[in-house]
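# Descriptive structure summary
What follows is each chain in one-letter form.
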Amino acid sequence: MRKSRIIAGAGLGLSALLALTACNSGSPTDPGASAGAGGGEEALWEVASDVQLEGSPTFDRATEAGEIVIGVKSDQPGLGYEDPVTQERTGFDVDIARWIAASLGFGEDQIEFKTIPSANREQEIINGGVDYYVGTYSMTEARDEVIDFAGPYFITGQGLLVAADDDSINGPEDLEGKVTCSVTGSTPLQRIREEYSGEVTERQTYSECVEQLKAGQVDAITTDEAILAGYVALEPNELKLAGEPFSEERYGVGLADGDTALKDHINALFTDGNDVWTALYEQYLEPAGVVAEQPQVD
């Protein structure tokens, strides 16, 4: 079954995407706050009280500090986005992070979000710079050697983003003689270099790659389709997806190695929270044409 695909003709205009990424103003982690585009709907969840999580050093540290620090992305529309004017954080991943925090007893005023570049994620978790990380974080064997993952909570596949008028690229086999941009430290960057031809350039963020593509400095961008779909929705007249996905990427929540208690808690939350997952998917990703189902956790 296809895990992620943008539907032809489903591109959103700028105003629609901004509405999409801002529609949960007043976080649903705050009991009674609106959650979803309706504005008057009940909260998707409430902040838990009297949480007991024995054996989790992460939870103990956050409880003592009175706040939880979460690593996220800030430049991925519909997934992890920070408004440059209001600094409001929105997106599927961001609200997954809020949902987890609420289940641990932390409200919105007790959350510190930190934007962490892809290349720095493992080290931030190892050093305790974040309590957990939620941001299009593919679960790989190499990463699992140094950190732990809860999940997966989403499955997508690697794809290609090109200019809307470019018909020369229809898959990774067409990248010979082309320049492809991806992000330092990402799984897609590693795969495109190891398995396909063509020149590859790397940047710190996908938004930098998008600017280079629009300026004609690169021919394609590669990362997960769920990420690329957000950029297509933002500028459907300038950008499009090329070809079919050519990998399977399983997004997980990055945790400190050995924190089994926290891992089990989050996995139980995902297992029992199908209604919440579905509501967030329908709010953030379905309108951009991303087709997916909630996966079973490992």
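Provided above is the structure to which this section pertains.
As a starting point, this report considers the structure included with it. Computed from a predicted structure; not experimentally measured.

### Structural notes on empty space enclosed by the protein
- All chains considered together, the criterion is met by 2 cavities of 30 Å³ or more.
- Considering only enclosed or pocket space, the largest cavity measures out at about 70 Å³ in volume.
- Lining of the largest cavity is provided by 13 residues; of these, Arg121, Thr136, Ser186, Pro188 and Tyr206 occupy positions nearest its centre.
- For the lining of the largest cavity, the elements supplying multiple residues, two or more each, are helix 6 (187-195) and strand 11 (220-224).

### Focus: unusual backbone geometry
- Cis geometry is adopted by the peptide bond preceding Pro152, which originates at Gly151 and carries an omega value of 15°.
- As for its placement among the helices and strands, Pro152 is situated in strand 7 (residues 148-156).
- If you check the backbone angles, Asp50 has positive phi at about 55° while not being a glycine.
- Structurally, the position occupied by Asp50 is in the loop between helix 1 (14-22) and helix 2 (57-65).
- Look at Asp50 and you get exposed, because its relative accessible area is 74%.
- Its identity as a non-glycine residue notwithstanding, Gln87 has a phi of 65°, on the positive side.

### Describing helix 8 (residues 225-234)
- For helix 8, the tally of buried residues reaches 9 of 10 residues, placing the bulk of the element in the interior.
- Buried residues of helix 8: Glu225, Ala226, Ile227, Leu228, Ala229, Gly230, Tyr231, Val232 and Ala233, and no others.

### Quick word on the packing of helix 3 (residues 92-103) against helix 10 (residues 274-284)
- Where helix 3 contacts helix 10, the two axes come as close as 10 Å, and the packing angle between them is 155°. It follows that helix 3 is roughly antiparallel to helix 10 by the angle criterion. Every pair of crossing elements has a handedness; the one defined by helix 3 and helix 10 is right-handed. Seen from helix 3, the contacting residues are Phe92, Asp95, Ile96 and Trp99; seen from helix 10, they are Val276, Trp277, Leu280, Tyr281 and Tyr284.

### Quick word on the packing of aromatic side chains
- Within this structure, the stated rule accounts for 13 aromatic pairs.
- Summarising the aromatic geometry, the rings of Tyr137 and Phe149 are spaced 5.1 Å apart at their centres and angled 70° between planes, so their arrangement reads as edge-to-face. Within this pair, whereas Tyr137 is found in the loop between strand 6 (132-133) and helix 5 (141-144), its partner Phe149 is found in strand 7, the two being separated by 12 residues in sequence. Each member of the pair, Tyr137 as well as Phe149, carries the same accessibility label: buried.
- Taken together, Trp45, Phe92, Trp99, Tyr153, Phe154, Tyr251, Phe270, Trp277 and Tyr281 form an aromatic cluster joined through their ring pairs.

### Observations regarding the state of the cysteines
- Tallied over the entire structure, the rule returns 1 disulfide.
- Each disulfide pairs two cysteine sulfurs, and for Cys181 the partner residue is Cys209, the sulfurs being separated by 2.1 Å. Measuring handedness by torsion sign, the sulfur bridge of Cys181 and Cys209 sits at about -65° and is left-handed. Of the two residues, Cys181 sits in strand 9 (residues 179-183) while Cys209 sits in helix 7 (residues 206-214), which places them 28 residues apart along the sequence. Across the pair, exposure class does not vary: Cys181 and Cys209 are buried alike.

### Considerations on the environment of Ser56
- Along the chain, the position of Ser56 falls in the loop between helix 1 and helix 2.
- On the basis of relative accessibility, which here comes to 0%, the residue Ser56 falls in the buried class.
- Residues contacting Ser56, with those up to four places away along its chain left out, are Asp259, Ala261 and Leu262.
- Of note is the side chain of Ser56, whose polar atom sits 3.0 Å from the side chain of Asp259.

### Here's the deal with the pairing of strand 1 (residues 68-72)
- By the criterion of burial, strand 1 is predominantly enclosed, with 5 of the 5 residues buried.
- The side-chain alternation of strand 1 yields two buried faces, one formed by Ile68, Ile70 and Val72 and the other by Val69 and Gly71.
- Here 5 bridges tie strand 1 to strand 5 (residues 111-115), and the two strands are oriented parallel to one another. Following the sheet pairing, Gly71 is matched in strand 5 by Lys114.

### Some thoughts on the sheet that holds strand 2 (residues 75-76)
- Across the sheet, 3 strands lie side by side as 2-3-4; this open sheet has antiparallel pairing. At either end of the open sheet lies a strand with only one pairing partner, and these are strand 2 and strand 4 (89-90).
- Across 2 bridges, the pairing between strand 2 and strand 3 (residues 80-82) is antiparallel. Paired with Gln76 across the two strands is Gly80, which belongs to strand 3.

Procedures and definitions
- Residues numbered from 1 in each chain as written.
- Predicted model: local features only at pLDDT ≥ 70, side-chain atom pairs only at ≥ 80, totals over all residues.
- Heavy atoms only, no water.
- 1 Å grid on protein atoms, 1.4 Å probe; cavity = no way out; pocket = protein on both sides within 12 Å on 5 of 7 lines; lining within 4 Å.
- Points joined across faces, edges and corners; volume = space filled by probe spheres on them.
- Helix = DSSP H or I, 4+ residues; strand = E, 2+ residues; numbered from the N terminus.
- Buried < 20%, exposed > 50% of the residue type's maximum accessible area, 1.4 Å probe, protein only.
- Axes fitted to C-alpha atoms, helices over the stretch in contact; angles between N-to-C directions.
- Parallel < 35°, antiparallel > 145°, perpendicular 65-115°, else oblique.
- Left-handed = near helix turned anticlockwise from the far one by under 90°.
- Contact = heavy atoms within 4.5 Å.
- Phe/Tyr/Trp six-rings, centres within 6.5 Å; stacked < 30°, edge-to-face > 60°.
- Disulfide = S-S within 2.5 Å.
- Polar contact = N/O pair within 3.5 Å; in protein donor to acceptor, adjacent residues only side chain to side chain.
- Pairing = 2+ DSSP bridges.

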